[in-house]
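As a plain string of letters, each chain reads:
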Amino acid sequence: MESQASSKIKDDAVSLSSVTFGKEDRIPIFHCKAFAFEVVSTVGKFQTHNSSERNVTSTMSNPGVDNSFTLEGLVQRQEIINGNLDNTPTNRSLPEDIDLETSKLLIVVTPTHAGPLQAYYLNRLAYTLKLVPPPLLWLVVEMTSQSDEAADILRKSGVMYRHLVCKKNLTDIKDRSIHQRNVALSHIETHRLDGIVYFANEDNIYSLDLFEQMRHIRRFGTWVVVKQTSDRSKAILEGPVCNGAQVIGWHLNELSRRFRRFHAEMSGFAFNSTILWDPKRWHRPTLEPIRQLDTAKDGFLASLFIERVVEDESQMEGLPQDCSKIMNVNGVNFGCQGNMAKNHI
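Nothing here was measured: the structure is a model prediction, and the numbers come from that model.

## Quick word on helix 4 (residues 148–156)
Here is step 1 of the chain: For helix 4, the complete set of buried residues consists of Ala150, Ala151, Ile153 and Leu154. With its buried residues spanning 160 degrees around the axis, helix 4 presents them on a single face. For helix 4, exposure combined with an orientation more than 90 degrees from the buried face picks out Asp148, Arg155 and Lys156.
Here is step 2 of the chain: Looking at the buried residues of helix 4, the elements they touch are helix 3 (118–130), strand 3 (136–143) and strand 4 (161–166).

The following block contains the structure:
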């Protein structure tokens, strides 16, 4: 039973292309409305790169953080790529086989909580992340304290991780993931982690192509996500409409949410972490910390957060070319049974 469950997780994790639907599980993807607009360029208003700057990742101990892995090796590599603190030019003697783009750190943020499927979902996501070329840092956030089960899964995952805890007292559990992500954002900002931040919920399914595409992001990248309707009768598209890498519109599915500024899902975008802790570099209009808002109405959480990261679509990059590929499915359960999770997979 244990080997069968483990095999099931590996199959789920390899790629979306390996997922098949049985006759009873097949979910039709319906065409949805989209709207487009003219994008006014704001070139010159943002993103000034200085190759002589060096961003040092801190490995200081932090209460509630499992520092089983350190980022010292990544810092040394970043020093080679970015140059020295004294504003000397970037090191030009790099070996030709070093791919500067693929060396970009991916910072994957996952809120989790105790439940019958926690072990299944965490193990499945761990198998996926293990297949992503390094460097990758997995920030897993729990409420109140680190559970033994989650800690055991992380230790055995083979993925570089930090196990964080959100100690905020909440009266409404629907806000739980918001505050957990904010703990991760605070950690990234405090330790000045330099990479691409991605919010990866544990119950979603991700293609390996998605993580490869993220390493092309300079400021903010977004893509199309497939998600089920609330009654699970059909699947719809959520995310950008693109012309090449330019975002020119959005898929619009629910009229009740048509007033959102950006029609993106939380798992449908990623961004440069330096936006969090280096506002001058990105000409951010405010120095206030960027966090998710627990006051956001249902369906508006992602849009309100994105508004704090970019000004408009001209500062976005559509991934992949023409946003023509599905790389991420939200919250679809492909036959996982609760008793499998109870047996720790």
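## Describing helix 5 (residues 176–190)
Here is step 1 of the chain: The terminal C-alpha atoms of helix 5 lie 21 Å apart, and with 15 residues this matches the ideal 21 Å at 1.5 Å per residue to within 8%.
Here is step 2 of the chain: Looking only at helix 5, the buried set comprises Ile178, His179, Gln180, Arg181, Asn182, Ala184, Leu185, His187 and Ile188.
Here is step 3 of the chain: Remark: arginine 192 follows helix 5 within two positions and exhibits a positive phi of approximately 50 degrees.

## A look at the nonpolar core
Here is step 1 of the chain: Residues Phe199, Phe269 and Phe271 are the most contacted members of the largest nonpolar core, which totals 45 residues.
Here is step 2 of the chain: Ignoring sequence-local partners within four residues, the contact set of phenylalanine 269 consists of Tyr198, Phe199, Phe220, Gly221, Thr222, Trp223, Ala302, Phe305 and Ile306.
Here is step 3 of the chain: In this structure, Ala119, Leu129, Leu210 and Phe211 belong to the second largest nonpolar core, which totals 29 residues.

## A word on the environment of lysine 227
Here is step 1 of the chain: Here lysine 227 shows up in strand 8 (residues 225–228).
Here is step 2 of the chain: Look at lysine 227 and you get buried, because its relative accessible area is 11%.
Here is step 3 of the chain: Through-space distance from the C-alpha of lysine 227 to that of asparagine 330 is 4.8 Å; in sequence the pair is 103 residues apart.

## Topic: the sheet that holds strand 6 (residues 205–206)
Here is step 1 of the chain: Ordered by their spatial adjacency, four strands build an open sheet running 6-14-8-9, and the pairing between neighbours is mixed. If you trace the sheet from one side to the other, it starts and ends with strand 6 and strand 9 (235–238), each paired once.
Here is step 2 of the chain: Where strand 8 lies against strand 14 (residues 328–330), two bridges are found, and the strand directions are parallel. In the strand pairing of strand 14, lysine 227 is matched with asparagine 330.

## What to know about the environment of threonine 295
Here is step 1 of the chain: Mapped onto the elements of the fold, threonine 295 is located in the loop between helix 7 (274–277) and helix 8 (301–307).
Here is step 2 of the chain: The exposed category is assigned to threonine 295, whose relative accessible area is 66%.
Here is step 3 of the chain: Measuring from C-alpha to C-alpha, the distance between threonine 295 and aspartate 175 comes to 9.0 Å, with 120 residues separating the pair along the chain.

## Details of the packing of aromatic side chains
Here is step 1 of the chain: Taken as a whole, this structure holds 12 aromatic pairs when the rule is applied.
Here is step 2 of the chain: Measuring from centroid to centroid gives 6.2 Å for phenylalanine 199 and phenylalanine 271, while their planes differ by 55 degrees, and the two rings are tilted. On the criterion of sequence distance, the pair formed by phenylalanine 199 in strand 5 (residues 196–199) and phenylalanine 271 in strand 12 (residues 269–272) is long-range, its members being 72 residues apart.
Here is step 3 of the chain: Owing to a relative accessible area of 1%, phenylalanine 199 belongs among the buried residues under this scheme.
Here is step 4 of the chain: Joined through ring pairs, the aromatic side chains of Phe199, Phe220, Phe269, Phe271 and Phe305 make up one cluster.
Here is step 5 of the chain: In this structure, arginine 181 is placed above the aromatic ring of phenylalanine 199, and the distance from its NZ or CZ to the ring centre is 6.0 Å.

## Description of the side chain of glutamate 317
Here is step 1 of the chain: Tracing the backbone through its elements, the reader meets glutamate 317 in strand 13 (residues 317–318).
Here is step 2 of the chain: No salt bridge is formed by the buried glutamate 317, whose closest oppositely charged neighbour, arginine 218, lies at an N-O distance of 6.0 Å.
Here is step 3 of the chain: Each residue touching glutamate 317, except ones within four places of it in the same chain, is listed here: His216, Ile217, Arg218, Arg219, Phe220, Gly221, Thr222, Ala245 and Val247.

## Observations concerning the sheet that holds strand 2 (residues 106–111)
Here is step 1 of the chain: Here we have seven strands laid out as an open sheet, ordered 4-3-2-5-12-7-13, and mixed in their pairing. Looking at which strands have only one partner, the edges of the open sheet turn out to be strand 4 and strand 13.
Here is step 2 of the chain: Relative to strand 3, strand 2 is paired through six bridges, and the arrangement is parallel. Across the sheet, residue isoleucine 107 finds its bridge partner in strand 3, namely leucine 137.
Here is step 3 of the chain: Seen against the sheet, helix 3 touches strand 2 and strand 3 and runs at an angle of roughly 170 degrees to strand 3.

Analysis parameters
Residues numbered from 1 in each chain as written. Predicted model: local features only at pLDDT ≥ 70, side-chain atom pairs only at ≥ 80, totals over all residues. Heavy atoms only, no water. Buried < 20%, exposed > 50% of the residue type's maximum accessible area, 1.4 Å probe, protein only. Helix = DSSP H or I, 4+ residues; strand = E, 2+ residues; numbered from the N terminus. Arc of directions from axis to C-beta. Contact = heavy atoms within 4.5 Å. Expected span 1.5 Å × (residues − 1). Core = buried A, V, L, I, M, F, W, Y, C linked by side-chain atoms within 4.5 Å. Pairing = 2+ DSSP bridges. Phe/Tyr/Trp six-rings, centres within 6.5 Å; stacked < 30°, edge-to-face > 60°. Lys NZ or Arg CZ within 6 Å of the ring centre and 35° of its normal. Lys, Arg positive; Asp, Glu negative; His and termini not counted. Salt bridge = Lys/Arg side-chain N within 4 Å of Asp/Glu carboxyl O. Axes fitted to C-alpha atoms, helices over the stretch in contact; angles between N-to-C directions.

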